[in-house]
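# Breakdown of the fold
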Amino acid sequence: MPTPLEQWVEEVARTTRPQRIVWCDGSEQQQQEVVEQMLRDGSTLRLNPQTYPNCLLHRSHPNDVARTENVTFICTREKDDAGPTNNWMSPAEAKQKVGGLFSGAMTGRTMYVVPYILGPVDSPISKVGVEVTDSAYVVASMRIMARVGKAALDRLGRSADFVPGLHSLGDLNPERRYILQFPEEKLIWSIGSGYGGNALLGKKCFALRIASWMAREQGWMAEHMLILGLEDPSGKVTYMAAAFPSACGKTNLAMMISALDSQGYRVWTVGDDIAWMQIGRDGYLHAINPEAGFFGVAPGTGPHTNSNVMAALRRNSIFTNVGLTPASEPWWEGMEIDPPEGLLDWKGERWTPGKGPAAHPNSRYTVPANQAPHISSHWEDPSGVPISAFIFGGRRARVAPLVYESFGWQHGVFVGAMMASETTAAATGAVGVTRRDPMAMLPFCGYNMADYFRHWLEMGKRIPHPPKIFHVNWFRKGADGKFLWPGFVENVRVLKWILERVQGKGKAAETPVGWVPTPDGLTLDGLEVSRSTMEELLRVSPADWTTELEDTKKFFEQFGRRLPPELHEEHSQLAQRFERRTAVLK
Ligand code: GTP
Ligand code: SPV
Ligand code: MN
């Protein structure tokens, strides 16, 4: 009797009609065969074997360089279950329309079957997925990003308990590109793109869109969050998870080198993008990183901003859409190396100054997590790490102060629900447009966000020791358009304050939006930031927040009666706190 997995693979092969089928066992030998295939495809080059051993440069199709939210759909029977913030297609329509595109899509190509585990191999929280793909690049990337091969098949056995994901490059025509999630049957279909979150189906499609649906059904949480441990001078490590939208600093915070290292504060990396969390027997929320690698933004990464990342990338890494030097080394803006003579841009064309960036703004590296110099010794702990603080954040030139603490869980959920951020190159479309992005999950929540907020509120009631909830903003700008906060290694100063607040210490002043550090509350020694800049960074401007309240109200209105009343309550209480303060000032 064929297993449910074998049956599905057979069925897919009947539709897509590949020339041959390869089952991926996760071995190094097979990885090298896949690499050979990539090199033959012509879109991939080997980098300098002396300075970047076992590293590759891959150039994607120029029209396929970021996630495409406009063609990403949640396919539920009821439109309302996908909610107003997701694109929706009925499962029947999706299967009809996109099923046709899969027909014969792999003719003449190799179909790879990639079984993988999301999460530590032996963790009860982990889950099995299987991606079928005709892209060698996807296979090589998945082997870095997830635990691929035999371990997954062993865990699965003859069970049907896996999330199938069907992926084909199709003809890479954006008109025929679809990223479909069927959360009710726990199925993923993706066609027409070979890029990142569109094509590595274990990442956003499963670990967030499908998993967020499972998490609500089963009483846990799947979030777009990094996980880090902050060590204090006593050697104790406190774990925090932070949700920032795409390209807003998660990888950099998780892999940070601490400016306060000499004072005994250092950061340990557990995860850089996704957290799966369950209530542990100790009453704390425990987080695992479902991934095994980091798919990080290259531009802006350099020896001063993040030497940890730079060290991690020197072997076994795949670079996508970065520039190439004549010495066969990767190059990008912010690497702090002058563009050499003969530099090629991300399309493989000769780069000249004035031609725009050599590396695509969403160019990325794919690196095994265990190459992070400060990887936590608990990063593969089957029971996860206990989370003491949640940190929300976004890219806001104005409005949001450097850091503030919510008044409690319900208010914290409201803080997350009203999050906004300027859009980045991580998704196609305009860059720099402020949009509401609750919990950094707008593009990743696999169901109606009103129900997602309800789930957050319910979880708060069930967690005996819930994390305290904070909000940060590294991206506030001055009148000159420059960032006010130095960011990167200096962000540990904000983490230190958060840690102190968790411990019931840390000096703070009450404002309408929450607790903000007093001028002497943050450890600023050794930092050249003027007092007036600090004041501006921590300022809560009633005028800015009035606009914020109006915009949030509009955003909430689209959910109608499905929105939990607690969020309306929090909204009017925030408005009242501003009114009372204005009255006092008058
Ligand atoms: P995704 O992988 O898309 O989810 O992104 P991410 O949230 O992990 O963002 P990442 O850490 O890769 O940073 C994205 C961009 O923001 C990079 O260009 C970084 O150099 C830049 N960045 C990160 N942290 C800071 C900071 O503290 N200050 C400033 N100014 N820029 C930062
Ligand atoms: C993001 O966009 O949030 C990413 C990159 O982490 S991708 O894998 O393309 O989703
Ligand atoms: Mn991300």
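Because the structure is predicted, anything quoted here is derived from the model rather than measured. (Residues numbered from 1 in each chain as written. Chains lettered and ligands numbered in written order. Predicted model: local features only at pLDDT ≥ 70, side-chain atom pairs only at ≥ 80, totals over all residues. Heavy atoms only, no water.)

### Details of the overall build of the protein
- Along the backbone of the protein there are 16 helices and 29 strands.
- Along the first, second and third principal axes, the C-alpha atoms of the protein reach 75 × 55 × 45 Å.
- The contacts of the protein with a sequence gap of at least 6 include a subset with a gap of at least 24, amounting to 73%.
- As displayed, the protein offers around 22,400 Å² of accessible surface, 51% of which is attributable to carbon and sulfur atoms. (Helix = DSSP H or I, 4+ residues; strand = E, 2+ residues; numbered from the N terminus. Contact = heavy atoms within 4.5 Å. Areas by Shrake-Rupley, 256 points an atom, 1.4 Å probe, with all protein chains shown as cover.)

### With respect to the domain arrangement of the protein
- Per the domain assignment, the segments making up the protein are domain 1 (4-42 + 67-219) and domain 2 (223-293 + 377-541).
- Domain 1 and domain 2 are separated by 30 Å when their C-alpha centres are compared.
- Contacts between the two partners involve 39 residues from domain 1 and, on the opposite side, 34 residues from domain 2.
- Carbon and sulfur atoms supply 55% of the area that domain 1 and domain 2 bury against each other, a total of about 3,100 Å² over both sides.
- In this assembly, domain 1 and domain 2 are joined by 6 salt bridges.
- Here Arg216 ties to Asp451 by a salt bridge, and the two come within 3.5 Å at their closest N and O atoms.
- Summed over the shared surface of domain 1 and domain 2, the result is 22 residue pairs in polar contact (both at pLDDT 80 or more).
- Of all the secondary-structure elements, those providing two or more residues to the side of domain 1 that touches domain 2 are helix H3 (79-82), strand S6 (110-118), helix H5 (136-145) and helix H8 (202-218). (Domains from an automatic or database assignment. Buried area = accessible area lost by both parts, 1.4 Å probe. Salt bridge = Lys/Arg side-chain N within 4 Å of Asp/Glu carboxyl O. Polar contact = N/O pair within 3.5 Å; in protein donor to acceptor, adjacent residues only side chain to side chain.)

### A short note on the site of ligand 1
- Near ligand 1, the surroundings consist of 22 residues, among which Ala247, Lys250, Thr251, Pro299 and Arg364 are the closest.
- Protein contact buries 92% of the 660 Å² of open area that ligand 1 shows by itself.
- Of all the secondary-structure elements, those providing two or more residues to the shell around ligand 1 are helix H9 (250-254) and strand S18 (293-297).
- Of all the elements, H9 adds the most residues to the shell around ligand 1, at 3 residues.
- Within the shell around ligand 1, the residues separate by chemical class into 10 nonpolar, 8 polar and 4 charged. (Near = heavy atom within 4 Å. Nonpolar A, V, L, I, M, F, W, Y, C, P; charged D, E, K, R; others polar.)

### Re the coordination of the manganese ion (ligand 3)
- Note on the manganese ion (ligand 3): its protein donors are Lys204 (NZ), His224 (NE2) and Asp273 (OD). The metal-donor distances range over 2.1 to 2.6 Å.
- Between consecutive donors of the manganese ion (ligand 3), the numbers of intervening residues give the motif K-x19-H-x48-D. One end of the pair, Lys204, is in helix H8; the other, Asp273, is in the loop between strand S15 (266-271) and strand S16 (275-279), with 69 residues separating them in the sequence. Each member of the pair, Lys204 together with Asp273, is buried. (Donors = N, O, S within 2.8 Å, 3.2 Å for Na, K, Ca; no water. Buried < 20%, exposed > 50% of the residue type's maximum accessible area, 1.4 Å probe, protein only.)

### Concerning the packing of helix H11 (residues 409-417) against helix H12 (residues 449-462)
- As a packed pair, H11 and H12 sit with axes 10 Å apart at the nearest point and diverge in direction by 155°. The orientation of H11 relative to H12 falls into the category roughly antiparallel. Both H11 and H12 take part in a crossing whose hand is right-handed. Two secondary-structure elements touch here, H11 through Trp409, Gln410, Val413 and Ala417 and H12 through Phe453, Trp456, Leu457 and Gly460.
- In terms of residue class, the contact of H11 with H12 is built from 6 nonpolar, 2 polar and no charged. (Axes fitted to C-alpha atoms, helices over the stretch in contact; angles between N-to-C directions. Parallel < 35°, antiparallel > 145°, perpendicular 65-115°, else oblique. Left-handed = near helix turned anticlockwise from the far one by under 90°.)

### A word on the site of ligand 2
- Taken together, the residues surrounding ligand 2 are Arg67, Gly196, Gly197, Lys203, Lys204, His224, Ser246, Asp273, Phe295, Arg364, Ala426 and Phe444.
- Note that an oxygen atom of ligand 2 is positioned 2.5 Å from one of the side-chain N or O atoms of Ser246.
- Considered on its own, ligand 2 offers 290 Å² of accessible surface; in the complex 98% of this is hidden by protein.
- Elements with a contribution of two residues or more to the shell around ligand 2: helix H7 (196-199) and H8.
- Each residue belonging to the shell around ligand 2 can be placed in one class, and the counts come to 3 nonpolar, 4 polar and 5 charged.
- Three or more residues apiece are contributed to the shell around ligand 2 by two domains, here domain 1 (4-42 + 67-219) and domain 2 (223-293 + 377-541).

### Observations concerning the side chain of Gln37
- Turning to its location among the elements, Gln37 is positioned in helix H2 (residues 28-41).
- Residue class for Gln37 comes out buried when judged on its relative accessible area of 18%.
- For Gln37, the residues in contact, after removing those within four places along its chain, are Tyr112 and Ala136.

### Topic: the nonpolar core
- Judged by nonpolar contacts, the single largest core of 158 residues is most densely connected at Trp276, Phe319, Phe390, Phe453, Trp456 and Ile498.
- Take this core: its biggest share by element is 9 residues, from H8.
- Taken together, domain 1 (4-42 + 67-219) and domain 2 (223-293 + 377-541) each give at least three residues to this core, which thus spans both.
- Residues in contact with Ile498, not counting those within four places in the same chain, are Met240, Ala389, Ile391, Val403, Phe470 and Val472. (Core = buried A, V, L, I, M, F, W, Y, C linked by side-chain atoms within 4.5 Å.)

### Section: the sheet that holds strand S22 (residues 364-368)
- Across the sheet, which stays open at both edges, the 5 strands sit in the order S2-S3-S19-S22-S18 with mixed pairing between neighbours. The sheet is open, and its two edges are formed by strand S2 (44-46) and S18, each paired on a single side. Each strand axis lies, on average, 20° off the axis of its neighbour in the sheet, ignoring direction.
- Bridge count for strand S19 (residues 318-320) against S22 is 3 bridges, and the pairing is antiparallel. Pairing of Ile318 across the sheet is with Thr366, part of S22. (Pairing = 2+ DSSP bridges.)

### Topic: the pairing of S6
- Within S6, 9 of the 9 residues are buried, leaving the element largely enclosed by the surrounding structure.
- Burial along S6 is two-sided: Thr110, Tyr112, Val114, Tyr116 and Leu118 and Met111, Val113, Pro115 and Ile117, pointing in opposite directions, are all buried.
- As paired strands, strand S1 (residues 20-23) and S6 are joined by 4 bridges and run parallel to one another. By the bridge assignment, Arg20 is partnered in S6 with Thr110.
- Pairing of S6 with strand S7 (residues 127-133), which is carried by 7 bridges, proceeds in the antiparallel orientation. Of the residues in S7, the one forming a bridge with Tyr116 is Gly129.
- As judged from the 2 bridges shared by S6 and strand S8 (residues 147-148), these two strands associate in the antiparallel manner.

### As for the environment of Arg561
- Counting through the fold element by element, Arg561 comes out in the loop between helix H15 (542-557) and helix H16 (565-585).
- Taking the C-alpha atoms as reference, Arg561 lies 15 Å from Lys79; in sequence the two are 482 residues apart.

### Section: H11
- Counting buried residues in H11 gives 8 out of 9 residues, a clear majority hidden from the surface.
- Every buried residue belonging to H11 is among Trp409, His411, Gly412, Val413, Phe414, Val415, Gly416 and Ala417, and all of these are buried.

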